[in-house]
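Below, each chain spelled out in residue letters.
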Amino acid sequence: MNAGHINQRRTLLGEVILESTPTSAGLARDAARDIIGHDHPIKDDVALVVSELVTNAFKYSDRGEIGAVIRLALFSEGPVLRVEVSDRGSACEIPRREVPYADGENTNAESGRGLVIVDGLSQGNWGSHTHDRGRTVWCELAAEPIAERCRP
């Protein structure tokens, strides 16, 4: 994991504050598509990483207090689209990518692959940091599909 594109000028495209509930991931996916546009070339990749990060924020943050929220923010940084998901954080959990299909792991499991997906779509360009309000997990995606970047 690296620090990201900290030298680029970052432009906030939009943000949304969601209640920390099981339905947050779907609402965040819809909000992300609305923010970047339904015709954006990587809208599906963005929707997928947003869904995974917001799901993790709900599942693993210290969300027991009334009024707990999740903040989704999307930024443009030159040729990069940055997704940030902030939550209350957790005293017990830190974001980590599991090794898929380790010995003894159920390869048919329906969960546990969220950060593996984020890692793959961001080409390893993701991370997290804690702050006075909790934790932010971020990832950066190329703003155009790989096939477009590879054309001669």
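Given the structure is predicted, the values throughout are model-derived calculations rather than measurements.

Asker: I'd like to hear about the overall build of the protein chain, residue by residue, with values.
Answerer: What the protein chain contains, in helices and strands, is 4 helices and 5 strands. Reading the secondary structure of the protein chain in the N-to-C direction produces β-α-α-β-β-α-β-β-α. Expressed as a percentage of the 152 residues in the protein chain, the buried residues total 37%. In the protein chain, once contacts between residues fewer than 6 apart in sequence are set aside, the share between residues at least 24 apart is 67%. As displayed, the protein chain offers around 8,900 Å² of accessible surface, 49% of which is attributable to carbon and sulfur atoms.

Asker: Explain unusual backbone geometry to me, using residue names and the numbers behind them.
Answerer: Residues other than glycine seldom take positive phi values, yet Q123 does so here, at roughly 55°. Relative to the assigned elements, Q123 resides in the loop between helix 3 (114-121) and strand 4 (126-131).

Asker: So, the pairing of strand 5 (residues 134-142): which residues are in play, and what are the values?
Answerer: When you tally the buried positions in strand 5, you get 8 out of 9 residues, the bulk of the element. Of the pairings in the sheet, the one linking strand 3 (residues 80-87) to strand 5 comprises 8 bridges and is antiparallel in character. Within strand 5, the position partnered with V85 by the bridge is V137. In this sheet, strand 5 lies alongside strand 4 in antiparallel orientation, the contact comprising 6 bridges.

Asker: Talk me through the pattern of salt bridges; I want residue IDs and the actual numbers.
Answerer: Overall, the coordinates contain 7 salt bridges when judged by the stated rule. Between E15 and R71 there is a salt bridge whose closest N-O contact spans 2.5 Å. Taken together, the positions of E15 in strand 1 (residues 11-19) and R71 in strand 2 (residues 69-77) put the pair 56 residues apart, joining distant regions of the chain. What makes E15 partly exposed here is its relative accessible area of 41%. D132 serves as the salt-bridge partner of R133, at 3.1 Å between the closest nitrogen and oxygen. Each member of the pair, R133 as well as D132, carries the same accessibility label: exposed.

Asker: Could you give me a rundown of the environment of N56, with the residues and numbers involved?
Answerer: As for its position among the elements, N56 is in helix 2 (residues 43-60). Taking the C-alpha atoms as reference points, N56 and G114, separated by 58 residues in sequence, lie 7.7 Å from one another.

Asker: Run through the packing of aromatic side chains, naming residues and quoting values.
Answerer: One pass over the full model with this rule turns up 0 aromatic pairs. The ring of F75 is capped by R10, whose NZ or CZ atom sits 5.2 Å from the centre of that ring.

Asker: Describe in detail helix 3, supporting the description with residues and values.
Answerer: Think of an α-helix as 3.6 residues a turn; residues three or four steps apart then line up on the same face. Among all positions of helix 3, only G114, L115 and V118 are buried. All buried residues of helix 3 lie within an arc of 85° about the axis, which places them on one face of the element. Contacts made by the buried residues of helix 3 are with helix 2, strand 4 and strand 5. Q123 sits one or two residues past helix 3 and shows a positive phi near 55°.

Asker: Let's hear about the packing of helix 1 (residues 24-36) against helix 2: which residues, and what values?
Answerer: It is the contact of helix 1 with helix 2, at a shortest axis distance of 8 Å, that shows an interaxial angle of 145°. As for the relative orientation of helix 1 and helix 2, their crossing is right-handed in sense. Packed against helix 1, whose contacting residues are S24, A25, A28, R29, A32, R33 and I36, the element helix 2 presents K43, D44, V46, A47, V50, S51, V54 and T55 at the interface. Classifying every residue of the contact of helix 1 with helix 2 gives 8 nonpolar, 3 polar and 4 charged.

Calculation rules
- Residues numbered from 1 in each chain as written.
- Predicted model: local features only at pLDDT ≥ 70, side-chain atom pairs only at ≥ 80, totals over all residues.
- Heavy atoms only, no water.
- Helix = DSSP H or I, 4+ residues; strand = E, 2+ residues; numbered from the N terminus.
- Buried < 20%, exposed > 50% of the residue type's maximum accessible area, 1.4 Å probe, protein only.
- Contact = heavy atoms within 4.5 Å.
- Areas by Shrake-Rupley, 256 points an atom, 1.4 Å probe, with all protein chains shown as cover.
- Pairing = 2+ DSSP bridges.
- Salt bridge = Lys/Arg side-chain N within 4 Å of Asp/Glu carboxyl O.
- Phe/Tyr/Trp six-rings, centres within 6.5 Å; stacked < 30°, edge-to-face > 60°.
- Lys NZ or Arg CZ within 6 Å of the ring centre and 35° of its normal.
- Arc of directions from axis to C-beta.
- Axes fitted to C-alpha atoms, helices over the stretch in contact; angles between N-to-C directions.
- Left-handed = near helix turned anticlockwise from the far one by under 90°.
- Nonpolar A, V, L, I, M, F, W, Y, C, P; charged D, E, K, R; others polar.

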